[in-house]
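# Summary of the model geometry
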Amino acid sequence: MIIDGKLFAQGLRAKLTEQIAALKATHGLVPGLTVILVGEDPASQVYVRNKQKFAEECGMNSVTLKKDASTTQAELLDLIATLNADPAVHGILVQLPLPKHIHEQTVLQAILPAKDVDGFHPVNVGRLSIGEPSLVPCTPLGSLLLLKDKLGDLTGKKAVIVGRSNIVGKPMFQLLLRENCTVTVAHSRTKNLPEVCKEADIIVAAVGQPLLIKGEWVKEGATIIDVGINRIEVDGKNKLVGDVDFDSAAPKAEFITPVPGGVGPMTIACLLRNTLSAACMQNEIEDPNRLMK
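Residues numbered from 1 in each chain as written. Predicted model: local features only at pLDDT ≥ 70, side-chain atom pairs only at ≥ 80, totals over all residues. Heavy atoms only, no water.

## Notes on the overall build of the chain
As a reminder, the rule being used: Here a strand is any run of E in DSSP of at least two residues, a helix any run of H or I of at least four, and the numbering for each starts at the N terminus. C-alpha atoms define the radius of gyration, and 2.2 Å times the number of residues to the power 0.38 defines the globule rule. Three exposure classes are used, based on accessible area relative to the maximum for each residue type with a 1.4 Å probe and protein chains only: buried under 20%, partly exposed in between, and exposed over 50%. Contacts: residue pairs with any heavy atoms within 4.5 Å of one another. Think of it this way: Lys and Arg go in the positive column, Asp and Glu in the negative one, and His and the chain ends go nowhere. Just so you know, the charge point we use is NZ for Lys, CZ for Arg, CG for Asp and CD for Glu.
Broken down by element type, the chain carries 10 helices and 10 strands. Since a compact globule built from 293 residues should have a radius of gyration of about 19 Å, the 19 Å found for the chain is in line with a globular shape. Projecting the C-alpha coordinates of the chain onto the three principal axes gives extents of approximately 55 × 40 × 30 Å. Buried positions account for 47% of the 293 residues belonging to the chain. When contacts within the chain are restricted to residue pairs at least 6 apart in sequence, those whose partners lie at least 24 apart make up 69%. Counting 31 positive and 32 negative side-chain charges, the chain places the centres of these two groups 2 Å from one another.

Below, the structure is given as structure tokens:
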């Protein structure tokens, strides 16, 4: 069965719209998200525009601050300091990639952990690793929500994550471990990768190599979450594909996400979910979507 991430994200945004309306009615609080876009990267512009559109549709206050590519790191850090001090701004997101003269980690670590709706700050990374309430990176969070929706309790499942990035692989490991899975993180140096994958009840592919995982690597009845988004040329035309060879893997899998239309739509929906959570935490209000009780 194909997992329709677009439909699930639509349902999640509808739920968030109700929760935000209730928060406003009960506490007079409207979650505020500010996105900073530096430069003219076309893909980033589309992504940021969609973030603002969906945030406004859910009833949030959404602001996009566009800065020239010549903006200095010091100017960007001053802007973040101003937003950190603004109680109406509950979530701050700096759109990546940044121009080469700006050090990404310095900028990301300047955001208050409580307002870090991307979940990339070392404090949030650390809190996730020890099972404390934290803001969780959006793509792994979206992947987990899709898994739990289809499989329910994940206890005892064997999960293999292919890829060890800070953005997906490592936080996915923490989330699945918290769900009582037995988790293996595979990567470019893993020996016998096909055999490792073949043991998995759950495969999360997040390595950035198009069509890497073949059908013969997949155990019958496994669930596959394909995080990869790769642009390749087929018959002279550009095509988006994942890290999984969908055509050969789908017949073996019980559930599988397509590319596009799988994990991708969940990322923005989970960003909005994190913004609501941040607003609740900053105002000492019970978070209706709290991951860790």
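Structure's up, so let's keep going.
## Structural notes on helix α6 (residues 138–151)
As a reminder of what qualifies: Working rule for helices: expected span equals 1.5 Å times residues minus one.
If you check α6, its first and last C-alpha atoms are 20 Å apart, about what 14 residues at 1.5 Å a residue would give, namely 20 Å. Counting buried positions along α6 gives 10 out of 14 residues, so the element sits mostly inside the fold. All buried positions along α6 are accounted for by Cys-138, Thr-139, Pro-140, Leu-141, Gly-142, Ser-143, Leu-144, Leu-145, Leu-146 and Leu-147. Buried residues in α6 make contact with α1 (5–27), α7 (169–178), β6 (202–205), β7 (223–226) and α10 (264–282). One or two positions beyond α6, positive phi appears at Gly-152, with a value near 70°.

## Notes on the UniProt feature "domain: Tetrahydrofolate dehydrogenase/cyclohydrolase catalytic" (unreviewed entry) in the chain
Condition: UniProt positions are given in the numbering used here, feature names are shortened, and annotations may be inferred rather than shown by experiment.
Using the residue numbers shown here, the UniProt feature "domain: Tetrahydrofolate dehydrogenase/cyclohydrolase catalytic" (unreviewed entry) corresponds to residues 3–118. Counting secondary structure, residues 3–118 comes out at 50% helix and 16% strand; the distance between its end C-alpha atoms is 24 Å.

## Quick notes on the sheet that holds β6
Condition: Should DSSP find at least two bridges between two strands, the strands are taken to pair. For helices, the fitted axis covers only the stretch in contact; all axes are lines through C-alpha atoms, and the angles between them, taken along N-to-C directions, range from 0 to 180 degrees.
Across the sheet, five strands lie side by side as β5-β4-β6-β7-β10; this open sheet has parallel pairing. For this open sheet the edge positions go to β5 (182–186) and β10 (255–256), each flanked by a neighbour on one side alone. Looking at chain direction, strand β4 (residues 158–162) and β6 are connected through four bridges and run parallel. Note on β6: the bridge partner recorded for Ala-159 is Ile-202. The strands that α6 touches are β6, β7 and β10; relative to β7, the one it contacts most, it runs at about 160°.

## Observations regarding the UniProt feature "domain: Tetrahydrofolate dehydrogenase/cyclohydrolase NAD(P)-binding" (unreviewed entry) in the chain
As annotated by UniProt and renumbered to match this structure, "domain: Tetrahydrofolate dehydrogenase/cyclohydrolase NAD(P)-binding" (unreviewed entry) occupies residues 137–282. In residues 137–282, helix accounts for 36% and strand for 21%; the two terminal C-alpha atoms are 18 Å from one another.

## Regarding the sheet that holds strand β3 (residues 91–94)
Taking strand neighbours across the sheet as the criterion, the three strands line up as β2-β1-β3 in an open arrangement whose pairing is parallel. The open sheet has two free edges, formed respectively by β2 (61–67) and β3, since each of these has just one partner strand. The average angle at which neighbouring strand axes cross in this sheet is 15°, direction not considered. As defined by bridge partners, strand β1 (residues 32–38) adjoins β3 across four bridges and the pair is classed as parallel. In the strand pairing of β3, Thr-34 is matched with Ile-92. The sheet contacts of helix α3 (residues 73–84) involve β1, β2 and β3, and relative to β1 the element is tilted by about 175°.

## Concerning the packing of α1 against α10
Our working rule: Put simply, angles under 35 degrees are roughly parallel, angles over 145 are roughly antiparallel, angles from 65 to 115 are roughly perpendicular, and the rest are oblique. Helix crossings are classified by the rotation of the near helix relative to the far one: an anticlockwise turn of less than a right angle makes the crossing left-handed, while a clockwise turn makes it right-handed.
The geometry of α1 relative to α10 is characterised by a closest axis approach of 8 Å and an angle of 20° between their N-to-C directions. As judged from the angle between their axes, α1 and α10 are roughly parallel. Crossing of α1 against α10: the hand is left-handed. When α1 is examined against α10, the residues Gly-5, Lys-6, Phe-8, Ala-9, Leu-12, Arg-13, Leu-16, Gln-19, Ile-20 and Leu-23 are found in contact with a partner set consisting of Pro-265, Met-266, Ala-269, Cys-270, Leu-272, Arg-273, Leu-276 and Cys-280.

## A look at the pattern of salt bridges
Definition in use: Here, a salt bridge means any Lys or Arg side-chain nitrogen found within 4 Å of an Asp or Glu carboxyl oxygen.
Applying the stated rule across the entire model yields five salt bridges. The residue Glu-179 makes a salt bridge to Lys-148 at a minimum N-O spacing of 3.0 Å. Note that Glu-179 is positioned in the loop between α7 and β5 and Lys-148 in helix α6, a separation of 31 residues in sequence. On the basis of relative accessibility, which here comes to 34%, the residue Lys-148 falls in the partly exposed class. Linked through salt bridges whose partners overlap, the residues forming this network are Lys-148, Arg-178 and Glu-179.

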